[in-house]
Amino acid sequence: MPVKETNVQDIIQDINNTIKDMAMFIQSDESVRPDFLEYIKTIGANRKSAVNFQSACFNYIFERRLGETYRTIPSIYLERADLKAPIKKIVKNLDKSISSVFELKRVLKNGFELYNIINEKSYNVTSLIKMTNFRGLGSGQYVVARIMKQDDEVFLLEISGVLPTRRRDDAYRFSVARIIQNPEIVYQDNPKKQEEIEEDIKQVYDKFIEFFGKDEIITINKHADDLIGKFNDFTEDGKKGSFKKLIEEPKEYKFFNVSEFNNSYDNFLENSLGGFSSHKESYDVGIIYDKELGMYAVPFWGTFNKIFEAKNPSEVENYDKCIRYFLTNDKFSANLIKRAAKKHKNFLPVINGIGKTNYTLKELLEKFKSRYLEQKIYSSTTVLYKSKAFSSTLGLIEEEEEKLPLPEGIDLSKIGRNDPCPCGSGKKFKKCHGA
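Quick look at the structure, then. A quick note: this is a predicted structure, and the numbers were derived from the prediction, not measured. (Residues numbered from 1 in each chain as written. Predicted model: local features only at pLDDT ≥ 70, side-chain atom pairs only at ≥ 80, totals over all residues. Heavy atoms only, no water.)

The next point concerns the overall build of the protein. Scanning the protein from N- to C-terminus turns up 17 helices and 10 strands. Sorting the 435 residues of the protein into buried and exposed places 47% on the buried side. If you take every contact in the protein between residues at least 6 apart in sequence, the share linking residues at least 24 apart comes to 62%. Of the roughly 23,500 Å² of accessible surface on the protein, 48% is carried by carbon and sulfur atoms. (Helix = DSSP H or I, 4+ residues; strand = E, 2+ residues; numbered from the N terminus. Buried < 20%, exposed > 50% of the residue type's maximum accessible area, 1.4 Å probe, protein only. Contact = heavy atoms within 4.5 Å. Areas by Shrake-Rupley, 256 points an atom, 1.4 Å probe, with all protein chains shown as cover.)

Here the focus is helix 6 (residues 168–181). An ideal rise of 1.5 Å per residue puts 20 Å on 14 residues; helix 6 measures up with 20 Å between its terminal C-alpha atoms. For helix 6, the set of buried residues is A171, Y172, R173, S175, V176, A177, R178, I179 and I180. (Expected span 1.5 Å × (residues − 1).)

Time to look at the sheet that holds strand 6 (residues 142–150). With respect to topology, 5 strands assemble into a closed barrel ordered 3-4-5-7-6, the strand pairing being mixed. With strand direction ignored, the average angle separating the axes of adjacent strands in the sheet is 50 degrees. Contacts between helix 5 (residues 85–95) and the sheet are confined to strand 6 and strand 7 (153–163), with strand 6 contributing the most and set at about 145 degrees to the helix. Against the sheet, helix 6 contacts strand 3 (98–107), strand 6 and strand 7, and its axis sits at roughly 150 degrees relative to strand 3. (Pairing = 2+ DSSP bridges. Axes fitted to C-alpha atoms, helices over the stretch in contact; angles between N-to-C directions.)

As for its placement among the helices and strands, K376 is situated in the loop between helix 15 (370–374) and helix 16 (380–385). C-alpha separation for the pair K376 and L293, spaced 83 residues apart in sequence, amounts to 7.8 Å. Beyond its immediate chain neighbours, meaning those up to four positions away, K376 contacts Y187, Q194, E198, E292 and L293.

Looking at the element boundaries, N116 is found in strand 4 (residues 111–116). On the accessibility criterion, N116 (1% relative accessible area) is buried. At 2.9 Å, the side chain of N116 forms a polar contact with the backbone nitrogen of I118. Not counting the four nearest positions on each side in its chain, N116 is found in contact with I98, S100, V101, F102, K121 and Y123. (Polar contact = N/O pair within 3.5 Å; in protein donor to acceptor, adjacent residues only side chain to side chain.)

Any two aromatic rings considered together are summarised by their centre-to-centre distance and by the angle between their planes. For the structure shown, the criterion picks out 34 aromatic pairs. Ring plane angle 20 degrees and centroid distance 4.7 Å describe the contact between F326 and F332, whose orientation is recorded as stacked. Each of the two residues, F326 as well as F332, counts as buried. An aromatic cluster is present here, built from F255, F256, F276, Y283, F300, W301, F304, F308, Y325, F326, F332 and F347 joined pairwise through their rings. Over the aromatic face of Y372 sits the side chain of R371, whose NZ or CZ is 5.5 Å from the ring centroid. (Phe/Tyr/Trp six-rings, centres within 6.5 Å; stacked < 30°, edge-to-face > 60°. Lys NZ or Arg CZ within 6 Å of the ring centre and 35° of its normal.)

The next subject is helix 7 (residues 191–212). Spacing of three or four residues puts side chains on the same side of an α-helix, whose turn is 3.6 residues. Here helix 7 spans 31 Å end to end across 22 residues, near enough to the 32 Å set by a 1.5 Å rise per residue. The complete set of buried residues in helix 7 reads K193, I197, D200, I201, V204, Y205, F208, F211 and F212. For helix 7, the buried positions fall inside an angular range of 150 degrees around the axis, keeping them on one side. Residues of helix 7 that are exposed and angled more than 90 degrees away from the buried face: P191, K192, E195, K202, D206 and E210. In this structure, the buried side of helix 7 is in contact with strand 8 (216–220), helix 8 (221–237), strand 9 (284–290), strand 10 (294–299) and helix 16. Phi turns positive, to about 85 degrees, at G213, one or two residues after helix 7. (Arc of directions from axis to C-beta.)

Now for the nonpolar core. Of all hydrophobic cores here, the largest spans 72 residues; its most connected members are F304, F326 and F347. Per-element tally for this core: the top contributor is helix 7, with 7 residues. The contact partners of F304, leaving out residues within four places of it in the chain, are C322, I323, F326, A340 and F347. (Core = buried A, V, L, I, M, F, W, Y, C linked by side-chain atoms within 4.5 Å.)

Moving on to the side chain of R339. Looking at the secondary structure, you find R339 in helix 12 (residues 334–343). Since its relative accessible area comes to 16%, R339 is described here as buried.

Fair warning: the whole summary comes from geometry, so function is off the table for now.
Here's what the structure looks like:
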């Protein structure tokens, strides 16, 4: 049953007041204020421009995570502010708000009908501000927006970006970049999509075991993409091609910074999809299938495990940085840490010895992987396979790649899917003229 108009206005006022109070909180709380001031300084915002400063406060509240535990600002506010029950509910819902790329379907009296490109759901949203602020917006455009649910209503918190209809490709590219960074947004508020992903994980796990004979393989990065490709071929056509030559250990297990992991947004998507083989350095990659969360390709997984297999952790170059990399990298799930702890009896003694701490496994996970304990986050690889936005974007990228002409007289029926394409592009036939 729709919420009454008067009640909706009361909710809008409560949401706006709560956001204002949170903006005051980040400027006054002893532990949050220093980070907020540093954030303001970094992005060049100041109080002289009220709109600029308000926007910076809003972004900080919803995007910033503090400390090694990556705590959200709303969760910190909930803990430290003395709030009444209705306001606590609003803060919790703000913390679960959805930030995504939407296609604007219709302009409504007090809001919009939006299609979420990422989670593939439509929403009728009510604006927190007057609709006159959105003059010029119309159906067919794309918006980067944040919405929240409250008492059976969906509210529009902000629109931070607008793209015209002709820039559909850019909207989809940005959507995929967001998915790679935060795969859970694909099934956020979409239980049907989550069920699809879970079913896919079960089916592909059995195929992974059938193909490799185990749930974990380690090779060097220049072979990782081809090895995953061989497995993907097997899931598609059931033909088990030879892959043993693609399993190669590195000459030395050591940890170091890989320059390609430090991507700007401009090349983030292409570098993410470009694969490990394009990287200049050579390092180990673990290809792991987690029965619960899907397939991972994990840089330095072999190196990480060697630390606990060595007589002395210092035998592995940059062992301490490697451990910190796995604990603090938000892309590595709690399940990966649990896997390492299960494999090595000395896991916690080594971790605690290096950090001079006394963590139990539960305490370690609560400190460094709390996000994965609070919600189920499937691997980005697994989620991408089930994303319509990714399928659409992948098609765009392939269309943009110029195909070389085929030599005359070539019989394409005699070319194997994994053979080099006869056009000379250097790609496999199935990825080029055989696509």
